[in-house]
Amino acid sequence: MKLDKKVIISGNIKALTGLHIGGSGQGMAIGGADSPVLRDPITNIPYIPGSSLKGKMRSLLEKITGKLPIKNGKAEPCKCGNCDVCTVFGVPAEADSKLPGRLIVRDAFMKPESADILDKSNNTDMPYTEVKTEVTIDRITSKANPRQIERVPSGAEFDMQLILNVYDEDDLNSLLNTVETSLKLVEDDYLGGNGTRGYGQVQIDITGISYKDESIYAGDNVAQKLEA
Ligand SMILES: [Zn+2]
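So, here is what we can say about the structure in this document.

Remarks on the side chain of Glu134
Here's step 1: Relative to the helices and strands, Glu134 resides in strand β7 (residues 130-137).
Here's step 2: At 2.7 Å, the side chain of Glu134 forms a polar contact with the side chain of Arg197.
Here's step 3: A distance of 2.6 Å separates the side chain of Glu134 from the side chain of Tyr199, its partner in a polar contact.
Here's step 4: Each residue touching Glu134, except ones within four places of it in the same chain, is listed here: Asn145, Pro146, Arg147, Ile149, Asn194, Arg197 and Tyr199.

Structural notes on the pattern of salt bridges
Here's step 1: Within the structure shown, the criterion is met by 10 salt bridges.
Here's step 2: Arg39 is the partner of Glu150 in a salt bridge, and the nearest nitrogen-oxygen pair spans 2.5 Å. Of the two residues, Glu150 is situated in strand β8 (residues 144-151) and Arg39 in the loop between β1 (3-15) and β2 (47-48); the sequence distance between them amounts to 111 residues.
Here's step 3: Of the residues examined, Glu150 reaches a relative accessible area of 1% and is grouped as buried.

Brief notes about the packing of aromatic side chains
Here's step 1: Inspection of every chain in the model, using the stated rule, returns 1 aromatic pair.
Here's step 2: Cation over ring: Lys5 sits above Tyr211, and NZ or CZ is 5.6 Å from the ring centre.
Here's step 3: If you follow Lys56 out to its NZ or CZ, it ends over the ring of Tyr190, 3.8 Å from the centre.

Observations concerning the pairing of β1
Here's step 1: In this sheet, strand β9 (residues 157-167) lies alongside β1 in antiparallel orientation, the contact comprising 11 bridges. Residue Lys14 lies in a different strand from β9, and its bridge partner there is Glu157.
Here's step 2: Both β1 and strand β10 (residues 202-213) contribute to a ladder of 11 bridges, which runs antiparallel. Paired with Val7 across the strands is Tyr211, a residue of β10.

Focus on the side chain of Arg151
Here's step 1: In this structure, Arg151 sits in strand β8.
Here's step 2: For Arg151, the side chain forms a polar contact with the side chain of Glu130, separated by 2.7 Å.
Here's step 3: Non-local contacts of Arg151, meaning those with residues more than four positions away in its chain, are made with Gly18, Leu19, His20, Val37, Thr129, Glu130, Lys132 and Tyr199.

What counts and what doesn't
The numbering scheme is per chain: residues are counted from 1 as the chain's sequence reads. The predicted nature of this model means local features are confined to residues of pLDDT at least 70 and side-chain atom pairs, given and counted, to a pLDDT of 80 or more, with totals for whole chains, interfaces and linings taken over all residues. Computation of side-chain values: all heavy atoms of the structure, hydrogens and water removed. Secondary structure follows DSSP: runs of H or I at least 4 residues long count as helices, runs of E at least 2 residues long count as strands, and numbering of each begins at the N terminus. The term polar contact refers here to a pair of N or O atoms within 3.5 Å; inside protein, the definition further demands a hydrogen-donor-capable atom paired with an acceptor-capable atom, and it admits residues adjacent in sequence only when both atoms are side-chain atoms. Residue contacts are defined here by distance: any two heavy atoms, one from each residue, within 4.5 Å place the two residues in contact. Between Lys or Arg on one side and Asp or Glu on the other, a salt bridge is scored when a side-chain nitrogen of the former is within 4 Å of a carboxyl oxygen of the latter. Exposed residues in this analysis have more than 50% of their type's maximum accessible area, buried residues have under 20%, and partly exposed residues fall in between, with area computed by a 1.4 Å probe over protein chains only. Each aromatic pair joins two rings of Phe, Tyr and Trp (for Trp, the six-membered one) with centres within 6.5 Å, and gets the label stacked for planes under 30 degrees apart, edge-to-face for over 60, and tilted for any other angle. In our convention, an over-ring charge means Lys NZ or Arg CZ found within 6 Å of a ring centre and within 35 degrees of that ring's normal. Strands were regarded as paired on the criterion that DSSP finds at least two bridges between them.

Rendered as structure tokens:
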């Protein structure tokens, strides 16, 4: 098994509704929202972690392919090692297979144009974001619990980059189809939190597919357009 080429899939992720991808820094947001979004520590601009997008792509694909084993009442990722899902997304480390997952999902950073608009907007509550109060009702006491959720406003766009490692025995078109299907499934689902309340609807457009093979790595490292 030999790595034949690296296929680079570039695209655009647009938030059609407010997007909440939470960080872990609950205690850090002093004076901020109860539930802050994840931000790049250098630029302070919210981004979409590759792990969030990849996890969503995989779990939705597992649902439609039926590759979603239920163990002790809990859905678990497929570990079979031969299905399309395992081929593209890999198998969990504890599984028996040495098969490498083909797909790398990069962190998606906000496009400079979107960051610029939000930076200059007078309608943001915090840098680049809005804060929305969601009220949940305690079923027993009937007490309302308002919670402030931070979100990236609709309209913000992010640069997507996926890398597909294609081996000599792989069917490139089949791998690309699997990736494209999983991206379409994300469009009909949501990214981040509070999706059932309308958050996280995204539009994902693939804007370019190119590849690099070993001759390129030996030379000037410029990707070639994929003729597929
Ligand atoms: Zn599998």
